[in-house]
There are 2 protein chains.
Amino acid sequence: MKVLILGADGYLGWPTCMYFSQRGHEVIGIDNYFRRNASTELDCEALIPAPNLLQRVIIWEETSGKKIKIHIGDVTDYAFLLSIFREYKPDVVIHYAEQPSAPYSMINRDKAAFTLQNNLMTTLNVIYAVKETNPECHIIKLGTMGEYGTPNIDIEEGWLEIEHKGRKDKFLFPRQTGSLYHTTKIQDTDMLWLYVRTWGLRVTDLMQGPVYGLSTDESDLDSRLIPHFHYDEIFGTVLNRFIVQAVAGHPLTVYGKGNQTRGFLNLKDTMQCVYLSAEQPAEHKQLRIFNQLTESFSVNQLAEKVKIVGNRLGYNVEVNSIENPRVEKEDHYYNVNFTGLMELGLQPHFLTDNVMEEMFKVVDRYKDRINRDAFFKGIQWK
Amino acid sequence: MKVLILGADGYLGWPTCMYFSQRGHEVIGIDNYFRRNASTELDCEALIPAPNLLQRVIIWEETSGKKIKIHIGDVTDYAFLLSIFREYKPDVVIHYAEQPSAPYSMINRDKAAFTLQNNLMTTLNVIYAVKETNPECHIIKLGTMGEYGTPNIDIEEGWLEIEHKGRKDKFLFPRQTGSLYHTTKIQDTDMLWLYVRTWGLRVTDLMQGPVYGLSTDESDLDSRLIPHFHYDEIFGTVLNRFIVQAVAGHPLTVYGKGNQTRGFLNLKDTMQCVYLSAEQPAEHKQLRIFNQLTESFSVNQLAEKVKIVGNRLGYNVEVNSIENPRVEKEDHYYNVNFTGLMELGLQPHFLTDNVMEEMFKVVDRYKDRINRDAFFKGIQWK
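Please read these numbers as outputs of a predicted model, since none were measured by experiment.

### Some details on the overall build of chain A
Here is step 1 of the chain: Secondary structure assignment for chain A yields twelve helices and 14 strands.
Here is step 2 of the chain: Taking 21 Å as the expected radius of gyration for a compact globule of 382 residues, we find that chain A reaches 20 Å, a close match to that expectation.
Here is step 3 of the chain: If one aligns the C-alpha atoms of chain A with their principal axes, the spans along those axes are about 65 × 55 × 40 Å.
Here is step 4 of the chain: Within chain A, the proportion of its 382 residues that are buried is 66%.
Here is step 5 of the chain: Pairs at least 24 apart in sequence give 81% of the contacts found in chain A among residues at least 6 apart.

The following block contains the structure:
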């Protein structure tokens, strides 16, 4: 396959580049370094220093003998994106090129406007570039489990048949999010669904839960290949943040009651899910939606796991409930259906003590670089 | 009330300015002349020549003795919008400042990008300006019945209680549109709902069907006050288009089978609906949704009505089914609940023969200005 990866510098983007490359596919990556620049601006840089993408692909070639092509540019620039599609004619495009942080989208009007503009315009441009150059090209788009929010009914896999007053129809599963970032993902899905129906595009929309981990088989080959690992309030997902807090001797920052429950997955499983989706693409005129998670935990359960493993490793882990800066339900029903990716062949890596211990070990190596100010900046939803 | 009207030059915007002004309210109008400029660019100008807004308010003051304030500017420019909110401190903002045409949004990537960017950024800016200056300010937003599409179940008024596997929750009514324009309206609703829940804003979202007519009590006072009346494929709604086609001796352009059914309302009733919504505002933390229509017709039924009335008036009206340039269901279930605005006091003006005869008479006065090339340009959805 010829695979175009948008957002190739990101936490998921870079390991995805290596994952496909390692398996013999031709990989072209694009990034505009938004996250690097934003995390410098907001003083929340990644834990582990990362060479830039052009340097990374040289290291990758030295390590694996395989080439990845990189173009630095902005997917919101349609002329640029179209030129890439025309030059490479990808079989599949993996669209990660979005502003990925809920707190970032709630900081102020300018950050909200950037999130809205970036996330929707990149998606529209991908749709048009595929239509104009090769409608056969399979679009794989990262959505989020946050699109569904926390409804009081079981969360089905993308769709729901509704019976109302004796009549039936099938709809996108009802969605209601907790931040502007998450809302842009609903908006993306609605756009994709429009153009799937109108133009017959083939799309896989992955409703992904929060990801944890910093290791893939490829990144383990050389420490300079480790993905960007954020542990801060803005770009760090909750388990990654807790482990760095534990190593730093900072109380784990549980927001409010901590009963907020979400579906999680290991970074290695994100690689599998995206790869399986690419190998077994959506049909024409199909918006295929998968719920991308392997198990569910509450925030308190994660904190407890980190505490147990951390204390066993000799850290003195405390858990601290702080006033919730977000507006979200702290007690809610949560039951998710996620069989689609299993049926494609996903072999889950569950969150074992061993997985956490390995994360602790890597983080400990970089503990002098931990910026404690980044753990909690108190970005208020209200 | 102090009323800020965004999109004050539009088909709905200008008569709304006069409607509130006539009833003693202080009106401030904003427009960037998008529609005037776009209709010149695309050779589909309005039937009736209209003075610009600054000239209109002078005519209005001469006619009614009342003042309306106008600022020419772009609602996507946040600094401009914020300065207006700070200067006037409106009690209610009526947000019409959107690209309003489905075909326009499907012409090409640039028009799609403009629609997406304009419609979402204006809405985000209104939300932020209200939050930053006065969260009590009531937002009235024009949505569209097109947000719902044509589901196989009854369309309820904005919300639906869903029972699934023995559990229940209430959701936004499922939505699925037929164009990018309509999709931006779904996206608007999702954003408004997020910030209503997060910040406690008060919002009325009006799911309006296609509007017809070119007369309100205020515009009847002076022909220079008639709203922009479009009859073209891009900006003209179906009944308005059919009547102008009938006067021009052009066959009525029915798309496909013509069984497409929608809810319609008279321009005079739009005025009432918006006014009633402003007088009886939404509560804090409430996204209040009304379905804004008074009766439903299929395209064939409208064509038949126009044919009967037109032939009686001496026109020779033919109906021509042409290949549908849109992607839409031509046979579908359609049953809409719309009691909310009736309960607020709406007195519908139904589509009688007399109403159509009056429209024919006004159109006939301007028949030399009809541009037959504008009736059908064949903007393809595919």
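There is more to say after this.
### What about unusual backbone geometry?
Residue and element names in this part refer to chain A.
Here is step 1 of the chain: Of note in the backbone geometry, Y33 takes a positive phi value of approximately 60° without being a glycine.
Here is step 2 of the chain: Its location among the elements puts Y33 in the loop between β2 (26-31) and α2 (34-41).
Here is step 3 of the chain: Among the residues examined, Y33 registers a relative accessible area of 16% and is labelled buried.
Here is step 4 of the chain: Even without a glycine there, the phi angle at K165 is positive, about 50°.
Here is step 5 of the chain: Mapped onto the elements, K165 comes out in the loop between β6 (159-164) and β7 (167-172).
Here is step 6 of the chain: Exposure remark for K165: the relative accessible area of 57% places this residue in the exposed category.

### Description of the packing of helix α6 (residues 109-133) of chain A against helix α6 (residues 109-133) of chain B
Here is step 1 of the chain: It is the contact of α6 of chain A with α6 of chain B, at a shortest axis distance of 10 Å, that shows an interaxial angle of 160°. Between α6 of chain A and α6 of chain B, the angle falls in the class roughly antiparallel. Crossing hand, α6 of chain A versus α6 of chain B: right-handed. Listed contacts from α6 of chain B to R109, A112, A113, L116, Q117, L120, M121, L124, N125 and Y128 of chain A of α6 of chain A are R109, A112, A113, L116, Q117, L120, M121, L124, N125 and Y128 of chain B.
Here is step 2 of the chain: For the contact of α6 of chain A with α6 of chain B, the per-class residue count stands at 14 nonpolar, four polar and two charged.

### What to know about the sheet that holds β2 of chain A
All names here are of chain A.
Here is step 1 of the chain: As summarised here, the arrangement of the seven strands in space is β3-β2-β1-β4-β5-β8-β12, forming an open sheet in which the pairing is parallel. The sheet terminates laterally at β3 (68-72) and β12 (286-292), the two strands that pair on one side only. Adjacent strand axes in the sheet meet at a mean angle of 20° when their direction is disregarded.
Here is step 2 of the chain: Direction of pairing for β2 relative to β3: parallel, over a ladder of five bridges. Within β3, the position partnered with D31 by the bridge is I72.

### Section: the side chain of D9 of chain B
Residue and element names in this part refer to chain B.
Here is step 1 of the chain: By the secondary structure assignment, D9 is in the loop between β1 (2-6) and α1 (13-22).
Here is step 2 of the chain: The exposure class assigned to D9 is buried, which follows from its relative accessible area of 3%.
Here is step 3 of the chain: Engagement of the side chain of D9 in a polar contact is seen with the side chain of R36, the distance being 2.6 Å.
Here is step 4 of the chain: Those residues in contact with D9, other than ones at most four positions away along the chain, are W14, D31, Y33, R36, L53 and H228.

### Digging into the interface of chain A and chain B
Much of the literature gives interface size as the accessible area that the parts lose upon coming together.
Here is step 1 of the chain: Contacts between chain A and chain B engage 50 residues on the former and 50 residues on the latter.
Here is step 2 of the chain: Approximately 4700 Å² of surface area, both sides summed, lies buried where chain A meets chain B, with 61% of it carried by carbon and sulfur atoms.
Here is step 3 of the chain: Among the residues of chain A in contact with chain B, R109, H164 and R167 of chain A are the three that bury the most area, contributing 14% of the side total.
Here is step 4 of the chain: There are four salt bridges connecting chain A and chain B.

### Thoughts on the pairing of strand β4 (residues 92-95) of chain A
Residue and element names in this part refer to chain A.
Here is step 1 of the chain: Residue alternation in β4 divides its side chains into two sets, V92 and I94 and V93 and H95, and both sets are buried.
Here is step 2 of the chain: Of the pairings in the sheet, the one linking β4 to strand β5 (residues 138-144) comprises four bridges and is parallel in character. Opposite V92, over in β5, you have H138 as the bridge partner.

### Points about the relation of the copies chain A and chain B
Here is step 1 of the chain: Rotating chain A by 180° and translating it 0.0 Å along the rotation axis places it on chain B, where the RMSD comes to 0.0 Å. When the rotation and shift are considered jointly, the pair of chain copies conforms to a two-fold rotation axis. Taking C-alpha positions as the reference, the residue of chain A nearest the rotation axis is Q187 of chain A, at 2.7 Å.

### A closer look at the packing of aromatic side chains
Here is step 1 of the chain: Tallying each qualifying case throughout the model produces 32 aromatic pairs over all chains.
Here is step 2 of the chain: Ring centres 5.4 Å apart and planes at 70° place the aromatic pair Y19 of chain A and Y275 of chain A in the edge-to-face group. Of this pair, Y19 of chain A sits in helix α1 (residues 13-22) while Y275 of chain A sits in helix α9 (residues 267-279), placing them 256 residues apart in sequence.
Here is step 3 of the chain: Owing to a relative accessible area of 11%, Y19 of chain A belongs among the buried residues under this scheme.
Here is step 4 of the chain: Between F34 of chain B and Y104 of chain B, the ring centres sit 5.5 Å apart and the planes meet at 90°, which makes this aromatic pair edge-to-face. Of this pair, F34 of chain B sits in helix α2 (residues 34-41) while Y104 of chain B sits in helix α5 (residues 102-105), and the two are 70 residues apart along the sequence.
Here is step 5 of the chain: Stacked on the ring of W193 of chain A, the Lys or Arg R197 of chain A has its end atom at 4.8 Å from the ring centre.
Here is step 6 of the chain: Looking at R167 of chain B, its charged tip hangs above the ring of Y333 of chain A, at a distance of 3.5 Å from the centre.

### Some details on the packing of helix α8 (residues 238-248) of chain B against helix α12 (residues 353-365) of chain B
All names here are of chain B.
Here is step 1 of the chain: Direction vectors running N to C along α8 and α12 enclose 60°, while the axes themselves pass 10 Å from each other. On the basis of their axis angle, the class for α8 and α12 is oblique. Where α8 crosses over α12, the two elements pack in a sense that is right-handed. Of the residues in α12, those touching α8 at L239, N240, I243, V244, A246 and V247 are M356, M359, F360, V363 and D364.
Here is step 2 of the chain: Looking at the contact of α8 with α12, its residues break down into nine nonpolar, one polar and one charged.

### A few points about helix α4 (residues 78-88) of chain B
Here is step 1 of the chain: Every buried residue belonging to α4 of chain B is among Y78, F80, L81, L82, I84, F85 and Y88 of chain B, and all of these are buried.
Here is step 2 of the chain: Packed against the buried residues of α4 of chain B are α6 of chain A together with β1, β2 (26-31), β3 (68-72), β4 (92-95) and α6 of chain B.
Here is step 3 of the chain: With a side-chain oxygen lying 3.2 Å from the backbone nitrogen of A79 of chain B, the N-terminal cap of α4 of chain B falls on D77 of chain B.
Here is step 4 of the chain: The first or second residue beyond α4 of chain B is K89 of chain B, which carries a positive phi of 45°.

### Comments concerning the pattern of salt bridges
Here is step 1 of the chain: One pass over the full model with this rule turns up 44 salt bridges over all chains.
Here is step 2 of the chain: Between D222 of chain B and R224 of chain B there is a salt bridge, with its nearest N and O atoms 2.8 Å apart.
Here is step 3 of the chain: Residues R312 of chain B and E357 of chain B are paired through a salt bridge, measuring 3.1 Å at the closest nitrogen-oxygen approach. With R312 of chain B in helix α10 (residues 299-312) and E357 of chain B in helix α12, this pair connects stretches of sequence that are 45 residues apart.
Here is step 4 of the chain: Several salt bridges converge on common partners, so that one network encompasses E98, K141, K185 and D188 of chain A.

### A closer look at the nonpolar core
Here is step 1 of the chain: Core analysis: the largest hydrophobic core is formed by 114 residues, its most contacted members being L124 and Y195 of chain A together with L124 and Y195 of chain B.
Here is step 2 of the chain: Setting aside its immediate chain neighbours within four residues, Y195 of chain A contacts L124, I127, Y128, G200 and L201 of chain A together with M106, A112 and L180 of chain B.

### Structural notes on the pairing of strand β8 (residues 202-208) of chain B
Consecutive residues of a regular strand have side chains that alternate between opposite faces of the sheet.
All names here are of chain B.
Here is step 1 of the chain: Along β8, seven of the seven residues are buried, which leaves the element largely enclosed by surrounding structure.
Here is step 2 of the chain: In terms of strand pairing, strand β5 (residues 138-144) meets β8 through seven bridges, oriented parallel. When the bridges of β8 are listed, H138 appears paired with R202.
Here is step 3 of the chain: As paired elements, β8 and strand β12 (residues 286-292) share seven bridges and run parallel to each other. Counterpart to V203 in the pairing with β12 is L287.

The rules behind each value
Residues numbered from 1 in each chain as written. Chains lettered and ligands numbered in written order. Predicted model: local features only at pLDDT ≥ 70, side-chain atom pairs only at ≥ 80, totals over all residues. Heavy atoms only, no water. Helix = DSSP H or I, 4+ residues; strand = E, 2+ residues; numbered from the N terminus. Rg over C-alpha atoms; globule rule 2.2 N^0.38 Å. Buried < 20%, exposed > 50% of the residue type's maximum accessible area, 1.4 Å probe, protein only. Contact = heavy atoms within 4.5 Å. Axes fitted to C-alpha atoms, helices over the stretch in contact; angles between N-to-C directions. Parallel < 35°, antiparallel > 145°, perpendicular 65-115°, else oblique. Left-handed = near helix turned anticlockwise from the far one by under 90°. Nonpolar A, V, L, I, M, F, W, Y, C, P; charged D, E, K, R; others polar. Pairing = 2+ DSSP bridges. Polar contact = N/O pair within 3.5 Å; in protein donor to acceptor, adjacent residues only side chain to side chain. Buried area = accessible area lost by both parts, 1.4 Å probe. Salt bridge = Lys/Arg side-chain N within 4 Å of Asp/Glu carboxyl O. Least-squares fit on C-alpha atoms with pLDDT ≥ 70 in both. Phe/Tyr/Trp six-rings, centres within 6.5 Å; stacked < 30°, edge-to-face > 60°. Lys NZ or Arg CZ within 6 Å of the ring centre and 35° of its normal. Core = buried A, V, L, I, M, F, W, Y, C linked by side-chain atoms within 4.5 Å.

By themselves, these figures tell us nothing about what the structure is for.
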